[in-house]
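Architecture at a glance
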Amino acid sequence: MISTVVWGTGNVGRAAIRAVEAHPALDLAAVLVHNPDKAGRDAGELGGLDHELGVAATDDIDAVLAASPQAVVYAASGDVRPDGALADITRAIRAGAVVVTPALYALYDQRSAPPELREPVLAAIAGGGGSLFVSGVDPGWGNDVLPLLISGLGTTIEVIRCQEIFDYTTYDQEDSVRYLVGMGQPMDYQPPMLAPSVPTMVWGGQIRLMARALGVELGEIRETVARRPLQDTVSTAAMGEFAAGSQGAVRFEVQGVVEGEPRIVIEHVTRIHPSCAPDWPTPPDGDGAHRVIIEGRPRIEVTVEATDEGENRSAGGNATAVGRLVGAIDWLVDAAPGLYDALDVPLRPAVGKLGRKRP
């Protein structure tokens, strides 16, 4: 069994605890928390399970890494503390661990990552013998392995479009929804996530990764952003009230331009309530979906809906993204130490999971 640590217990960390517990090759060795109020609580409780796992959460990073875990699922946020996340991750790699995480956007396509990010990771790998694989929670598979797989079914391809379409009414991450994305803020508020160049910083690596896999040369990466106000005040169970006239929906694209035309597109359509921007793309049912559209001959459209934590599709997206990361751990442990991306790490069948009791 591969001794595995889950570092962080937010939306991603909860799903990671469940995924590690369910994986037949992994053993949950420790759970690291930042909030001292969570220290001492059982991992099963923190992971949203209905039973205890016998692993008490701790905030003692030194002690956990001193035990030389083979793998770390780094689930702490890199949105507002990228330098801190990088320091934590390289620390775990230097301790010899395989690390999987969504926290470092620029490493989605590690070959094009800036030297100030890539070089500390490579130094940690050389010094400690660990590895790193980064894939997104948007989810990463929806912007790399899935569209690339489906593209192989086409005769001719004009555009590859990856969509995330979500209503965050039931989402429980208020700081990100209100302040990073700007939901509920005045329409003249500049959400940090939508500032010029930021979408490219976050999703440009996936555009470059797909272009590399497809063997095409990108001329540039462009961004488009549109925002809509709420017509009426709405209330959410987890995040409270969002006022009429404040931002209620966002639609943006990160476009990979090939020979003057946008050919590889990652698009996000996000709402705080289904009544806002009803003319924009909507999910087939419920809170949200991920969709890949191959415009060409034939035209191919694949929509994926995932539910988790009480049929919550936003949590389901997190869970499938975590499944991709946690499912890579045993492959990474057997591979040579290194810095890996989605083209390196295979998406494999769920060997040993079929018929297992739901955690």
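Here goes a summary of the coordinates provided. (Residues numbered from 1 in each chain as written. Predicted model: local features only at pLDDT ≥ 70, side-chain atom pairs only at ≥ 80, totals over all residues. Heavy atoms only, no water.)

Regarding the pairing of strand β12 (residues 288-297)
For β12, a buried count of 7 out of 10 residues is recorded, marking the element as mostly surrounded by other parts of the structure. Here 5 bridges tie β12 to strand β13 (residues 300-304), and the two strands are oriented antiparallel to one another. Across the sheet, residue V292 finds its bridge partner in β13, namely V302. Connecting β12 to the next strand, β13, in antiparallel fashion are 2 residues. (Buried < 20%, exposed > 50% of the residue type's maximum accessible area, 1.4 Å probe, protein only. Helix = DSSP H or I, 4+ residues; strand = E, 2+ residues; numbered from the N terminus. Pairing = 2+ DSSP bridges.)

Comments concerning the pattern of salt bridges
The final tally for this structure, using the stated rule, is 15 salt bridges. Members of the salt-bridge network, linked through shared partners, are R161, R251, E253 and E267. (Salt bridge = Lys/Arg side-chain N within 4 Å of Asp/Glu carboxyl O.)

Side note on the sheet that holds strand β3 (residues 71-74)
In a beta sheet, neighbouring strands pair by backbone hydrogen bonds and run either parallel or antiparallel. Reading across from one edge, β2-β1-β3-β4-β5-β14 is the order of the 6 strands in this open sheet, with parallel pairing throughout. Every interior strand has two partners, whereas the edge strands, β2 (26-32) and β14 (339-340), have only one. Where strand β4 (residues 98-101) meets strand β5 (residues 131-134), 4 bridges bridge the pair, whose relative direction is parallel. Across the sheet, the residue bridging to T101 is V134, located in β5.

Section: the packing of helix α4 (residues 82-94) against helix α5 (residues 115-128)
With their axes 7 Å apart at the nearest point, α4 and α5 run at an angle of 20° to one another. The angle between α4 and α5 falls in the class roughly parallel. Crossing geometry of α4 relative to α5 is assigned as right-handed. In contact with L86, T90, I93 and R94 of α4, α5 contributes E116, L117, P120, V121, A123, A124, I125, G127 and G128. Class assignment of the residues belonging to the contact of α4 with α5 gives a composition of 8 nonpolar, 3 polar and 2 charged. (Axes fitted to C-alpha atoms, helices over the stretch in contact; angles between N-to-C directions. Parallel < 35°, antiparallel > 145°, perpendicular 65-115°, else oblique. Left-handed = near helix turned anticlockwise from the far one by under 90°. Contact = heavy atoms within 4.5 Å. Nonpolar A, V, L, I, M, F, W, Y, C, P; charged D, E, K, R; others polar.)

So, the sheet that holds strand β6 (residues 156-167)
A sheet is described by the order of its strands in space; here 6 strands give the open sequence β7-β10-β11-β6-β12-β13, paired in mixed fashion. Two strands in the sheet have a free side with no partner beyond their single neighbour: β7 (220-229) and β13. Taken pair by pair, the neighbouring strands of this sheet meet at an average axis angle of 15°, ignoring direction.

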